[in-house]
Amino acid sequence: MAASPSSVLENSSVLAGILKEKRCREHLQALKTFTAALQEEKNRDAVNEETFSSLFEFLSGLCDDLHSTSIEDQDQLSVSLQLIAESFRAQRNSCIQNPRNQNLLRRLGFIGVSVKILSFLLSSKADKRGDIFEPLRCGIQFLGNVAVGNQKCKDDIWQLSFPTLFLKLLAVADDKAVNYATMVLNTCLDEAKVEPLCEPQNIPVALRVMELCRSHPDLDWTILIATMHFFKSPTLVKRMYSGMPHLERVSLLELILAQLTEDPDRCGVHRDVASFLSDCFRKDCGDVLMLATDSASSEEVLLKAQTVTLQLDILCEMTSDLGQFMFLQDDADLLKMTVELLEQVHAIGKANSNVFSAAQNFSSSDEDSPSRSPVINFKAHLIRLIGNLCHGNASNQNKVRDLDGIPLILDNCNVDSNNPFITQWAILAIRNLLDKNQQNQEVVAALEPRGAAADCSAFRE
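Because the structure is a prediction, the values reported are computed rather than measured. (Residues numbered from 1 in each chain as written. Predicted model: local features only at pLDDT ≥ 70, side-chain atom pairs only at ≥ 80, totals over all residues. Heavy atoms only, no water.)

Engineer: Quick question: what am I supposed to make of the environment of Met 240 here?
Structural biologist: With respect to the secondary-structure elements, Met 240 resides in helix α16 (residues 234-242). On the basis of relative accessible area, Met 240 is assigned to the buried category, the value being 0%. In the structure, Met 240 is positioned 43 residues away from Leu 197 in sequence and 9.6 Å away in space, judged by C-alpha atoms. Contact partners of Met 240, with chain neighbours within four places excluded, come to Ile 203, Ala 206, Leu 207, Met 210, Phe 230 and Leu 252. (Helix = DSSP H or I, 4+ residues; strand = E, 2+ residues; numbered from the N terminus. Buried < 20%, exposed > 50% of the residue type's maximum accessible area, 1.4 Å probe, protein only. Contact = heavy atoms within 4.5 Å.)

Printed below as a string of structure tokens:
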């Protein structure tokens, strides 16, 4: 007969009795009774150390069974896996909002033996079995519960699991297990633990998290790990970026852009990341010009161009009066490169009919399509960045004038379906260029009005 929850909690006789017997399927009900009892707070508070000691001995025995049982002994392996899963559930439940039990299980050695079992389940001896996922999920959940709010448990799990076990858990062919693993990783991470991720032997863990951000966007924990931990470390961002294929770079840049646009006041992106992306933009920006060549349909060319457009979009957001990033106005090379790139793109578009030519296809829904062409908004955002860099900055206003950027911007005021709002961004950029700058105002006054700019009341003001 199954033991009642109260009897299990009052003494350890049931679990102690199990220890004297060969572990078998009949023990499962006793464990389930214990697990069910631990769902209640009063029972979690009442369970004594002797009971947990018995459970630890039982779990340790199961661990030994796993390592000693032949892979051909399917029945015994199946029984062991079911018992392990239930034991993990009991451990998981006992730690819910209970620091006493967290510390007790840690002191008894539950974290170490649990990590040992999880490692075995992911070994070549067991990883082909379909029934490993239930104990795997429960074991990961236990690590998550024992770590919550308990720094010593977090440190123990990190020491025993990083990087090898974490990397294996993040690659398991089971979405629930991966989700739980990212939860544990997020719980354990802190500023001190982010830096070791930068080491060459550890960077695959960070790269796997970023890969999951792209391939499993429904996993909230991976997004939190990236935004709350990774983006605060410029060294890690640089190492990840250099080790990523272009598809993963796009995912990383999209996350940074989302951080900037959705919650700019609480953005955790480090200012040195802004400097790094500015350098990347200057180095990579020529890739977008390949879109006007015969190789424009190449997936690699499209991904490289998309990377450049995302870098540009991020720089636009960073220089939209976000105080921590306005130091980018001091980057003379960034301003010069942006003006020169706008000049190149504009000249290519006027030379013949190509992707950079002004279009009038307003029936297209490319703007809202996730697979839209990288040229969409590219010229408009180059002008936006120039305007941002010149806002309240006389030195940059003068540089743009010296680069003949003022007439160039004015020549990009025509309506263009590939660049929605380009006229509005041009107006804003010209206003920033003329603000308290007499010489720039004289340049505009001396130009012959023509085209859309000639009809714009904002310019006449």
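Next comes the rest of the write-up.
Engineer: Even after reading the chapter, I still don't get the packing of helix α14 (residues 203-215) against helix α15 (residues 220-228), so can you show me in this structure?
Structural biologist: Packed helices, taken two at a time, are described by the angle their axes make and the gap between the axes. The N-to-C vectors of α14 and α15 enclose an angle of 125°; their axes lie 9 Å apart at closest approach. Compared by their axis directions, α14 and α15 come out oblique. Our pair here, α14 against α15, has a crossing hand that is left-handed. Note on element contacts: α15 touches α14 through Thr 222, Ile 223, Ile 225 and Ala 226, opposite Val 209, Met 210, Leu 212 and Cys 213. Here the contact of α14 with α15 is built from residues that sort into seven nonpolar, one polar and no charged. (Axes fitted to C-alpha atoms, helices over the stretch in contact; angles between N-to-C directions. Parallel < 35°, antiparallel > 145°, perpendicular 65-115°, else oblique. Left-handed = near helix turned anticlockwise from the far one by under 90°. Nonpolar A, V, L, I, M, F, W, Y, C, P; charged D, E, K, R; others polar.)

Engineer: Would you mind going over the packing of helix α5 (residues 49-68) against helix α8 (residues 110-121) with me for this structure?
Structural biologist: Following both chains from N to C, one finds α5 and α8 inclined at 25°, their axes separated by 10 Å at the closest point. Viewed along their axes, α5 and α8 adopt a mutual orientation that is roughly parallel. Judged by the sense of rotation from one axis to the other, the crossing of α5 with α8 is left-handed. Touching Phe 52, Leu 55, Phe 56, Leu 59, Ser 60, Cys 63, Leu 66 and His 67 of α5 are Phe 110, Val 113, Ser 114, Lys 116, Ile 117, Phe 120 and Leu 121, all from α8. Looking at the contact of α5 with α8 residue by residue, the class counts come to 11 nonpolar, three polar and one charged.

Engineer: Looking at this structure, I do not really get the side chain of Thr 187. What am I missing?
Structural biologist: Here Thr 187 shows up in helix α12 (residues 175-188). In terms of polar contacts, Thr 187 uses its side chain to reach the backbone carbonyl oxygen of Met 183, at 2.8 Å. Residues within four places of Thr 187 in sequence aside, it is in contact with Ala 147, Val 148 and Lys 154. (Polar contact = N/O pair within 3.5 Å; in protein donor to acceptor, adjacent residues only side chain to side chain.)

Engineer: How should the pattern of salt bridges be read in this particular structure?
Structural biologist: Between side chains of opposite charge, a pair can form as their charged atoms come close. Taken as a whole and assessed by the stated rule, the structure comprises 16 salt bridges. One salt bridge in this structure joins Glu 248 and Arg 214, with 2.9 Å as the shortest N-O distance. Of the two residues, Glu 248 sits in helix α17 (residues 246-262) while Arg 214 sits in helix α14, which places them 34 residues apart along the sequence. Relative accessible area serves as the criterion here: at 33%, Arg 214 is assigned to the partly exposed category. The closest approach of N and O atoms between Glu 300 and Lys 304, which form a salt bridge, is 3.5 Å. With Glu 300 and Lys 304 both in helix α19 (residues 299-318) and four residues apart, this pair spans about one turn of that helix. By relative accessible area, which is 26% here, Lys 304 ends up partly exposed. Linked by salt bridges that have partners in common, Glu 86, Arg 89 and Glu 134 make up one network. (Salt bridge = Lys/Arg side-chain N within 4 Å of Asp/Glu carboxyl O.)

Take it as geometry only, folks, not as evidence of what the structure does.
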